[in-house]
Amino acid sequence: MIIKNIALSNFRCHTGYRLDFERQTTQILGENGWGKTSILEAIYLAVRGKSFKAVDREILRRGAEYYRVELDFLDGEKTVVTYDAAAARKNFLVGDKKWARLPKKNRYPVVLFEPVDLSLITASPARRREYFDRFLAQLSEGYSNSLSRYNRALKQRNEYLKREFLRREDLFPWDILMAKYGVALRTERAGLVAALNDRLTGVYRGIAENRDEVALAYESYTEEVGESEYLRLLNLDFERDRLVGHTNFGVHKDDYTFLFNGAVADGTASRGETRSIILALKFIEAEMLVEGLGRRPLVLLDDVFSELDETRQKALVKNFQENQVILTSVS
Ligand SMILES: Nc1ncnc2c1ncn2[C@@H]1O[C@H](COP(=O)(O)OP(=O)(O)OP(=O)(O)O)[C@@H](O)[C@H]1O
Ligand SMILES: [Mg+2]
């Protein structure tokens, strides 16, 4: 999949904007606030079906009634996303068919590299969960479904917990779902971490050209329990959950820890080492997407290229030479 051009209307600061892409690498240069990230956001929206950072009413240019993104592919295909503010409705036009959500077959894998990713190692657990969730959701449809079902159940359970008159059994329908999807999510997360560990050190050494070791540890809040034990532990926290008004036990508390030469990387790895680790992670992500989906991902680099030194820039160019790359830099 190669994208050929994009046309935007009322998308954030862009009233009307058009851009042609190169088959290989397109660089978007502009001053701060010019709208570079917004272009990547529009591309992402048209190939993944959802923005990586905001909801439609935030994307809509202030004061506008609709936004529109048209993305043309080299093979003649086209995706048009339209959002109507009055109806608060978005639709995707693919070929001559209209959809409320982007059909699975029209979703393309994307490796997105944002400046915040550079601090993934030291970021909050929530940010790391979000990172690996996005990673897994692209790779596995099952994961993506389990995640949205788990999150919905969690939200509803938390709403119930705030009710004044609540019996333990009122939560049962949500508890069942949380145990089922919680175990499913934990299993897939553990699988991903194992797969990453098979490759991390090797790929890292290819970038950094040294003998360091990199690993990722998955810290599941729920440990390796089955569904019935999960349910029991979830229930054990009932009084506390009710007191604080939210659910304490579950995979929504999981975290991932990066290890550098056996020690926790947060605090030990240098700035340069940290960048190489993240770069390695991105390379592996691209590799796993090709292997898992049989489609070479589109690479979107937002403001990160200039953050890397020459060795790492070279590694990046070399690694993504067969991908279509769209990158932004401050001019
Ligand atoms: N809904 C909106 N309507 C109008 N303008 C918006 C909207 N959302 C964001 N903006 C503005 O759009 C501009 C472009 O934002 P964007 O993040 O794309 O810029 P950028 O070129 O990536 O900047 P930087 O180099 O600082 O990362 C910003 O000035 C932002 O305040
Ligand atoms: Mg930006």
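Keep in mind it's a predicted model, so treat the numbers as computed, not measured.

*Asks:* Got a sec to walk through the domain arrangement of the protein chain? Specific residues and values, please.
*Replies:* One widely used convention gives an interface's size as the accessible area the parts lose upon coming together. Assigned domains of the protein chain: these are domain 1 (3-108) and domain 2 (118-296). Computed over C-alpha atoms only, the centres of domain 1 and domain 2 are separated by 29 Å.

*Asks:* Just give me the short version of the environment of Val94, but keep the residues and values in it.
*Replies:* Position of Val94 relative to the elements: it lies in strand E6 (residues 89-94). A sequence separation of 45 residues divides Val94 from Gly49, and the C-alpha atoms of the two residues are 12 Å apart. Not counting chain neighbours up to four residues away, the residues in contact with Val94 comprise Thr79, Trp99, Pro103 and Asn106.

*Asks:* Account for the site of ligand 1, naming residues and giving values.
*Replies:* Of all residues adjacent to ligand 1, which total 17 residues, the nearest are Cys13, Asn32, Lys36, Thr37 and Ser38. Elements represented by at least two residues in the shell around ligand 1 include exactly helix H1 (36-48) and helix H2 (56-59). Of the residues assigned to the shell around ligand 1, the class counts are five nonpolar, six polar and six charged.

*Asks:* So, unusual backbone geometry: which residues are in play, and what are the values?
*Replies:* Phi is positive for Asn261, which is not a glycine, with a value near 50°. Within the fold, Asn261 resides in the loop between strand E10 (255-260) and strand E11 (263-264). Taking the C-beta count within 10 Å as the criterion, Asn261 has 14 such neighbours and is therefore assigned partly exposed.

Rules behind the numbers
- Residues numbered from 1 in each chain as written.
- Chains lettered and ligands numbered in written order.
- Predicted model: local features only at pLDDT ≥ 70, side-chain atom pairs only at ≥ 80, totals over all residues.
- Domains from an automatic or database assignment.
- Helix = DSSP H or I, 4+ residues; strand = E, 2+ residues; numbered from the N terminus.
- Contact = placed C-beta atoms within 7 Å.
- Near = placed C-beta within 6 Å.
- Nonpolar A, V, L, I, M, F, W, Y, C, P; charged D, E, K, R; others polar.
- Buried ≥ 20, exposed ≤ 12 C-beta atoms within 10 Å, placed from the backbone.

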